[in-house]
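# Fold and contact review
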Amino acid sequence: MFSIAIYAVFWVVTALACPLVNNTTPTPLTQVWWKPASAYASDLPHSNRYRDMFFNDILESVVNKLTSQCCLDGQGSSIARGCRKLSFQHLECRTLMAVTMTADGWTVVTPSDDSRIVYVSSSQGNDANSGLSAQTPVASIEAGKALLRSGYADHLLFKRGDTWTDQNFGAPVDGRNADEPTLIGTYGTGDRPVFLTDPSSNFISTGAGASYFYVIGLDLSPNNRAADGSDGGQGVKITGTGSDILIEDCRLEGYFGSITVQGYGGEGNEVVNVYLRRNAILNSWGNSPITGFFSNYSTDVVIEENFFDHNGWHPTKDNPDIFSHNIYLSNEVHSSTVVGNIFSRGSSMGTKFKVDSGTHIVKDNLYVRNPAQAQYGDGPDDVIEGSIFQIEDNVYLEGGSSEGFTNSDGLGVSISDIEGGYFKNNIIANRVNAQKIPYALSINTDNEGAGVNNFEVDSNVIYRWGGPVVFQRVPQLSAMTFSNNTLVDPNGVKHMLHPLPAGDDSYSLSNNQYYSTASDSGGWFKELGQTEVTTADYLANYEPTANFEKPSFIDPTRTSLSYAAKLGFTNYEQLVGAWAGQSQGTWNADLTAHALNEYIREGFQADEVGLTPLPAPSEPSSSSFVPTPSFAPSATWKSFVDSATVYTVSHPEITSSVQSQVEQSEVVQSQGEPMEEDEVSYLQLDDEVSEIEDLPEASLLNTQTSTQQQQQVDIQALDQVMAGLEESLLR
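Residues numbered from 1 in each chain as written. Predicted model: local features only at pLDDT ≥ 70, side-chain atom pairs only at ≥ 80, totals over all residues. Heavy atoms only, no water.

### Here we look at the overall build of the protein
In terms of helices and strands, the protein carries ten helices and 42 strands. In the protein, once contacts between residues fewer than 6 apart in sequence are set aside, the share between residues at least 24 apart is 81%. Surface summary for the protein: the accessible area is close to 29300 Å², and the carbon and sulfur share equals 49%. (Helix = DSSP H or I, 4+ residues; strand = E, 2+ residues; numbered from the N terminus. Contact = heavy atoms within 4.5 Å. Areas by Shrake-Rupley, 256 points an atom, 1.4 Å probe, with all protein chains shown as cover.)

Below, the structure written as structure tokens:
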């Protein structure tokens, strides 16, 4: 809202200034170029990059308005006779920025005036061609790349529907600036261009860093990897100093590691502004550790609306282990934003954050069927100070899956060694399998860690996880609150909460709701995991505001499979195939993390009556949705699906129990047996998504009737306003 207010003030000042300094009638504001705030509404919470772009647009449009309207010659380089120079120095005249975003969230890079557009087609091209038109494309990646110029806003476009085999791109080519990057993109219609890359090396690779480099719309997979995984080629590996790297709408499958971005370490040796948006990152495997995305020594990493599945292991060639994850943000990652992603079936964790200082936003993600769902914090002891986590509106579903590392304890969420923030409005529900008693939520620290400080755990739901919320190893715990949460265990597992000793003032417990079918005599609570505590004792000595009433949800048994059935799929693999098939041309809102999260949240809304029959699932939001994956599975993808059966037969100890448990649940429901233990309620989650309103259409200002005396007074007032605004912006 501050941005909008500044914008509005600048426009009013502009409209007043022009007639005063030049005695001309201002052009109606509706006829002057400007970007409405709504165009940035979805971007402002995600990245400093978009906020900076917004302010640049404001300043640039105002200056262009002043120089073109106020100055008779319309040029920014000089002031015509009769113009009165204002009290700030305007920007030079320039082309509007080339990087924008469509209303439905896709990045658009418009060529600059001096951009070179290079076309590459394996089916129609010839390296003897110029490559400078769609009618004269070159054929090879090497020939196309040779036409790019470092430091320019050049575009290298590959023909959709074509395939390149055993060709790699090599080192990135830097663009001019964040508004005018180098673009590796596509032209034509149809499916993404396919690159069956040389598996012995990385498709895009550099040890010298990269800046202003965008990759949009490619389908990448290694060609004929070695059976033992010894070939270590990655999809994208960028090491060194750089900034503004975007990978969007790409599919990367079957690599040793799909994407790695890391700096050298130390001040000034980082990668800044890394954007991963709407990609499918699948089936990374090889010698441990392996991740779908790894970053270190970086700042402002944005991971938005991607699909990560099965990263860190292979069904027949590479066993899952505890060190491999869907994504891993390590050590010195300063500030990150992880929003709207799906993290599925990682080797160990859906996400592992072992990060440095800065603010880390984790919002509206879906974690499903990971052996352990997420770890936040636990960075290096000597650099952890200042790490803030804002974790909200996420769904952690069906954890402990035996499809990954079977010795995982089925962990829901671990929070450790951070300096502040919150965990709120999240749902941790319906664990399917675990080898040990799993923790639903663990608040802990190493003995030498920074501890968990100034942290709120508020308004979360933990349902049928089969394990407790624990506070453990926390000598540094301070200023923490645990309030308004709902913990429900309909399966009768004891000990929903392991509190600290009664009277411990390093944290506070208030207004939480607990319910279990376990006997109270066995203890719903266990102090420090050692001494059982009855509800009466807990209410008297630990949390006087606790509530032990049995609540009632509309339908807390909803799962990924019931959502898949709503879309017309019969199993999880089909749902995964549809998620993996998302692209700009086939994007479906029903296949986003937000859609499934909302479906789960609806099931946890309060059934006020308590006896109301469970409603049938509502129809998908897209009435035209066809319940069939819209992509042809690649050979790599098919090999994963086909080999899964072989793997479970040869490794019976890790045969998945997911399908059998769900089928058993469905049989019980179909036989009409009562589901009383599953019908629990809780306070409906509040939607705290900030809204950014559009600016109202400006009314036309008519200042032609001002007298000369009034003009002089207004000019003095204008100088004061502009001086104040300039001071505020520079502050």
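### Here we look at the nonpolar core
Formed by 116 residues in total, the largest nonpolar core has its most connected members in Phe293, Tyr376, Phe423, Leu441, Tyr514 and Trp579. At six residues, the largest contribution of residues to this core is made by helix α6 (residues 572-580). Not counting residues up to four positions away in its chain, the partners in contact with Phe423 are Ile391, Tyr396, Val413, Ile415, Ile428, Leu441, Phe455, Glu456, Val457, Asp458 and Asn460. With twelve residues, the next largest nonpolar core counts Ile117, Leu157, Tyr187 and Val302 among its residues. (Core = buried A, V, L, I, M, F, W, Y, C linked by side-chain atoms within 4.5 Å. Buried < 20%, exposed > 50% of the residue type's maximum accessible area, 1.4 Å probe, protein only.)

### Some thoughts on unusual backbone geometry
A negative phi holds for most residues other than glycine; trans holds for most peptide bonds. In this structure, Asp244 takes a positive phi of about 55 degrees despite not being glycine. Looking at the element boundaries, Asp244 is found in strand β12 (residues 242-248). Within the chain, Asp417 stands out as a residue other than glycine whose phi angle is a positive 55 degrees. In this structure, Asp417 sits in the loop between β29 (413-416) and β30 (420-424). Of the residues examined, Asp417 reaches a relative accessible area of 0% and is grouped as buried.

### Notes on the pairing of strand β24 (residues 358-363)
As judged from the four bridges shared by strand β21 (residues 333-339) and β24, these two strands associate in the parallel manner. By the bridge assignment, Ser336 is partnered in β24 with His360. Pairing analysis gives six bridges linking β24 to strand β27 (residues 387-392), with the strands arranged parallel. Looking at the pairing, Gly358 lines up with Ser387 of β27. (Pairing = 2+ DSSP bridges.)

### Thoughts on the pattern of salt bridges
Summed over the entire model, instances satisfying the criterion amount to 17 salt bridges. For the salt bridge of Asp249 with Arg192, the shortest nitrogen-to-oxygen distance reads 2.9 Å. Linking Asp249 in the loop between β12 and β13 (251-253) with Arg192 in the loop between β6 (182-187) and β7 (194-197), this pair joins segments that are 57 residues apart in sequence. Across the pair, exposure class does not vary: Asp249 and Arg192 are buried alike. (Salt bridge = Lys/Arg side-chain N within 4 Å of Asp/Glu carboxyl O.)

### Observations regarding the pairing of strand β26 (residues 372-377)
Taken across its six residues, β26 has six buried, putting it largely inside the fold. Relative to β26, strand β23 (residues 349-354) runs parallel, the two being bridged by four bridges. Bridging across to β26, Met349 finds its partner in Ala372. Sheet topology note: the β26/β29 ladder contains four bridges and is parallel. Residue pairing across strands places Tyr376 opposite Ile415, the latter belonging to β29.

### What to know about the environment of Ala429
With respect to the secondary-structure elements, Ala429 resides in strand β31 (residues 427-429). It is 6.3 Å that separates the C-alpha atoms of Ala429 and Tyr396, two residues lying 33 residues apart in sequence. Residues contacting Ala429, with those up to four places away along its chain left out, are Tyr396, Leu397, Glu398, Tyr463, Trp465 and Phe604.

### Comments concerning the packing of aromatic side chains
Note on aromatic pairs: each is described by the distance of the centres and the angle between the planes. Applying the stated criterion across every chain, the model contains 32 aromatic pairs. With a centroid separation of 6.4 Å and an interplanar angle of 70 degrees, the aromatic rings of Tyr463 and Phe553 are classed as edge-to-face. Highlighted residues: Tyr463 in strand β34 (residues 461-463) and Phe553 in the loop between α4 (535-541) and α5 (560-566), separated in sequence by 90 residues. This pair shows no difference in class: Tyr463 is buried, exactly as Phe553 is. Judged by centre distance (4.7 Å) and plane angle (75 degrees), the ring pair of Phe553 and Phe604 falls under edge-to-face. Of this pair, Phe553 sits in the loop between α4 and α5 while Phe604 is found in the loop between α7 (593-603) and α8 (635-650), placing the two residues 51 residues apart along the sequence. For the pair Phe553 and Phe604, a shared accessibility class is recorded, and that class is buried. Taken together, Tyr514, Tyr515, Trp524, Phe525, Tyr538, Tyr542 and Phe548 form an aromatic cluster joined through their ring pairs. (Phe/Tyr/Trp six-rings, centres within 6.5 Å; stacked < 30°, edge-to-face > 60°.)

### What about the confidence of the model for the protein?
When pLDDT is low, close inspection of the predicted coordinates is not appropriate. Model confidence for the protein is summarised by a mean pLDDT of 75, while 65% of its residues fall at 70 or above. A low-confidence stretch, residues 610-638 (pLDDT under 50), is modelled with 50 contacts involving residues beyond four sequence positions or located in other chains. Counted against residues more than four places away or in other chains, residues 725-731, with its pLDDT under 50, gives nine contacts. (pLDDT = per-residue confidence, 0-100.)

### What about α6?
Counting buried positions along α6 yields seven of nine residues, so the element is predominantly enclosed. Here α6 has its buried residues at Tyr572, Leu575, Val576, Gly577, Ala578, Trp579 and Ala580. If you check the start of α6, you find a side-chain oxygen 3.1 Å away from the backbone N of Glu573, and it comes from Asn571. (Polar contact = N/O pair within 3.5 Å; in protein donor to acceptor, adjacent residues only side chain to side chain.)

### Side note on the environment of Ala536
Residue position: Ala536 is located in helix α4. The class of Ala536 is exposed, set by a relative accessible area of 55%. Separated by 16 residues in sequence, Ala536 and Asp520 have C-alpha atoms that sit 9.1 Å apart.

### Topic: α7
Extensive coverage of α7 is indicated by the burial of eight of its eleven residues. If you check which residues of α7 are buried, you get Ala593, Ala595, Leu596, Asn597, Tyr599, Ile600, Arg601 and Gly603. Residues of α7 that are buried make contact with β22 (342-344), β25 (366-368), β28 (395-397), β31, α5 and α6.

### Some thoughts on the side chain of Ser560
Structurally, Ser560 can be placed in helix α5. Exposure remark for Ser560: the relative accessible area of 0% places this residue in the buried category. With residues up to four places along the chain from it excluded, the contact list for Ser560 reads Val368, Arg369, Leu397, Glu398, Tyr572, Leu575 and Leu596.

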